[in-house]
Amino acid sequence: MRTLSFRSRLLRGLTAGTAVATLATGTAACGGSSEAATTTDAAGTVTVGQLSNGAAKQTALKVSEVKSISAELPAAIRKSGKLKIGVGALPDGFPPLAYIGSDQKTLTGAEPDFGRLVAAVLGLKPEPQNFTWENMFVGIDSGKVDVAFSNVTDTEERKKKYDFASYRKDNLGFEVLKKSTWNFDGNYENLAGKTVAVDNGTNQEKILLEWQTKLKKEGKTLTVKNYASKNTVNLALTGGKIDAYFAANPGIAYHITQTAKSPHPTRSAGTFSGAGATLQGLIAATTKKDSGLAKPVADAINYLIQNGQYAKWLTAYNLSNEAVATSEVNPAGLPLDNS
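Caption draft 1: Local environment of the packing of helix 5 (residues 110-121) against helix 10 (residues 294-306). The N-to-C vectors of helix 5 and helix 10 enclose an angle of 100°; their axes lie 9 Å apart at closest approach. With respect to each other, helix 5 and helix 10 are oriented roughly perpendicular. In this structure, helix 5 uses Phe114, Leu117, Val118 and Val121 to contact helix 10, whose residues at the interface are Val297, Ala300, Ile301, Tyr303 and Leu304. For the contact of helix 5 with helix 10, a count of residues per class yields nine nonpolar, no polar and no charged.

Caption draft 2: The environment of proline 74, seen in detail. By the secondary structure assignment, proline 74 is in the loop between helix 3 (67-70) and helix 4 (75-80). Sequence separation of proline 74 and proline 296 is 222 residues, and the distance between their C-alpha atoms is 9.0 Å. Residue contacts for proline 74: discarding those within four places in its chain leaves Ser291, Gly292 and Leu293.

Caption draft 3: Up close: the nonpolar core. In this structure, Phe114, Leu117, Val118, Leu122, Phe149, Val297 and Trp313 are the most contacted members of the largest nonpolar core, which totals 49 residues. Going through the elements one at a time, strand 2 (45-48), strand 4 (82-90), helix 5, strand 9 (162-169), strand 15 (282-288), helix 10 and helix 11 (309-316) are the ones with two or more residues in this core. The biggest single contributor to this core is helix 5, with seven residues. Those residues within four positions of phenylalanine 149 in sequence are excluded, and the remaining contacts are Ile85, Gly86, Val87, Glu111, Phe114, Gly115, Val118, Tyr167, Ala285 and Val297. Of all hydrophobic cores here, the second largest spans 19 residues; its members include Phe174, Phe184, Val196 and Phe246.

Caption draft 4: Examining the sheet that holds strand 14 (residues 266-273) more closely. Read across the open sheet, the five strands follow the order 12-11-13-10-14; overall the sheet is mixed. Here the strands that pair on one side only, and so sit at the sheet edges, are strand 12 (223-225) and strand 14. Strand-to-strand twist in this sheet, taken as the mean axis angle between neighbours without regard to direction, amounts to 30°. Inspection of the sheet shows strand 10 (residues 171-177) paired to strand 13 (residues 244-248) by four bridges, in the antiparallel sense. Bridged to leucine 172 within strand 13 is alanine 248.

Caption draft 5: Fine view of the side chain of arginine 267. Considering the arrangement of structural elements, one finds arginine 267 in strand 14. Salt bridges are absent for the buried arginine 267, whose nearest opposite-charge side chain, aspartate 185, sits at 8.2 Å. Here asparagine 183 takes part through its side chain, which lies 3.0 Å from a polar atom of the side chain of arginine 267.

Caption draft 6: Looking closely at helix 8 (residues 230-238). When we look at burial in helix 8, the residues that qualify are Lys230, Val233, Asn234, Ala236 and Leu237. All buried residues of helix 8 fall inside an arc of 160° around its axis, so they share one side. Looking at the packing, one finds that the buried side of helix 8 touches strand 10, strand 11 (195-198), strand 13, helix 9 (249-259) and strand 14. In the segment just after helix 8, glycine 240 is the residue with positive phi, at about 80°.

Caption draft 7: Broad picture of the pattern of salt bridges. Counting across every chain of the model gives 14 salt bridges. A salt bridge links aspartate 154 to lysine 159; the nearest nitrogen and oxygen atoms lie 3.7 Å apart. Given the relative accessible area of 1%, aspartate 154 is considered buried. With a closest N to O distance of 3.2 Å, lysine 160 and glutamate 157 form a salt bridge. Judged by relative accessible area, lysine 160 falls into the exposed class, the value being 53%. Using a relative accessible area of 37% as the deciding quantity, one classes glutamate 157 as partly exposed. One salt-bridge network, in which partners are shared between bridges, spans Glu72, Lys295 and Asp299.

Conventions used here
Residues numbered from 1 in each chain as written. Predicted model: local features only at pLDDT ≥ 70, side-chain atom pairs only at ≥ 80, totals over all residues. Heavy atoms only, no water. Axes fitted to C-alpha atoms, helices over the stretch in contact; angles between N-to-C directions. Helix = DSSP H or I, 4+ residues; strand = E, 2+ residues; numbered from the N terminus. Parallel < 35°, antiparallel > 145°, perpendicular 65-115°, else oblique. Contact = heavy atoms within 4.5 Å. Nonpolar A, V, L, I, M, F, W, Y, C, P; charged D, E, K, R; others polar. Core = buried A, V, L, I, M, F, W, Y, C linked by side-chain atoms within 4.5 Å. Buried < 20%, exposed > 50% of the residue type's maximum accessible area, 1.4 Å probe, protein only. Pairing = 2+ DSSP bridges. Lys, Arg positive; Asp, Glu negative; His and termini not counted. Salt bridge = Lys/Arg side-chain N within 4 Å of Asp/Glu carboxyl O. Polar contact = N/O pair within 3.5 Å; in protein donor to acceptor, adjacent residues only side chain to side chain. Arc of directions from axis to C-beta.

As structure tokens, this is what we get:
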């Protein structure tokens, strides 16, 4: 999965037509960064899903500093009392992961919310900053950002400059009508005889075409369709012209929440690793290499996993199917020939 294909998948898979225009408005020029307003909770509480405009269920989570973990922080960060969190959501955002909330100023979504949870465990004040994707990495390089929470895939190429602490599976997913009885069940052979829509030029299209080739050799068919927009895909799905839509899993999770009360609700019919069949892709907090921050961040994530806040955060954003059992520092990432 090449970086450009990943970014294309991110934007195509997470954009939901006109819904994005109302949910996510950039707050700075495309090339720059933006100090993002954040919400203030009572001491010992982090509320996720605030101002989400229907993308999440607002949930108050109890979480306080764990001194044995905050003691691991690099001295300069511990002394500053702040965690500068980078998010690459400019100009348009990508719900449900990161976008400008319903107050038209606050950076919200699963990613900045998780950064706030990690900051709470570390005893630091979260300071989210909204960048373009490319400038977020420049921010890490320059020290303007301590850690990025922005759907960054762990790759061996990126490890040359950055350290990672994993916190979500990097998954693709299948969306079907709720009334459908079909499920992927992790087996491409279950796609035989189906018609599936996918966004052109994305990693998931590459995977789907590979499955189509395999099925053809077995004497079976898989029809692959490309549509010009997400709205067209939705019409094809509700009209019965396709059986499923294969896209980035967070975008599907978001769309499922949006259709829940509509005449044509949808559901997830299964997921597949964005890294392919031989490696589970991982989304990871991203820090400057050898900064000393990746381990305390991973330990904070594991505290949240062990104490239940992690599961509640994922549930709030309908992302429970991307849960990991543990956070790892620099786990195996996409290989250099596919980064």
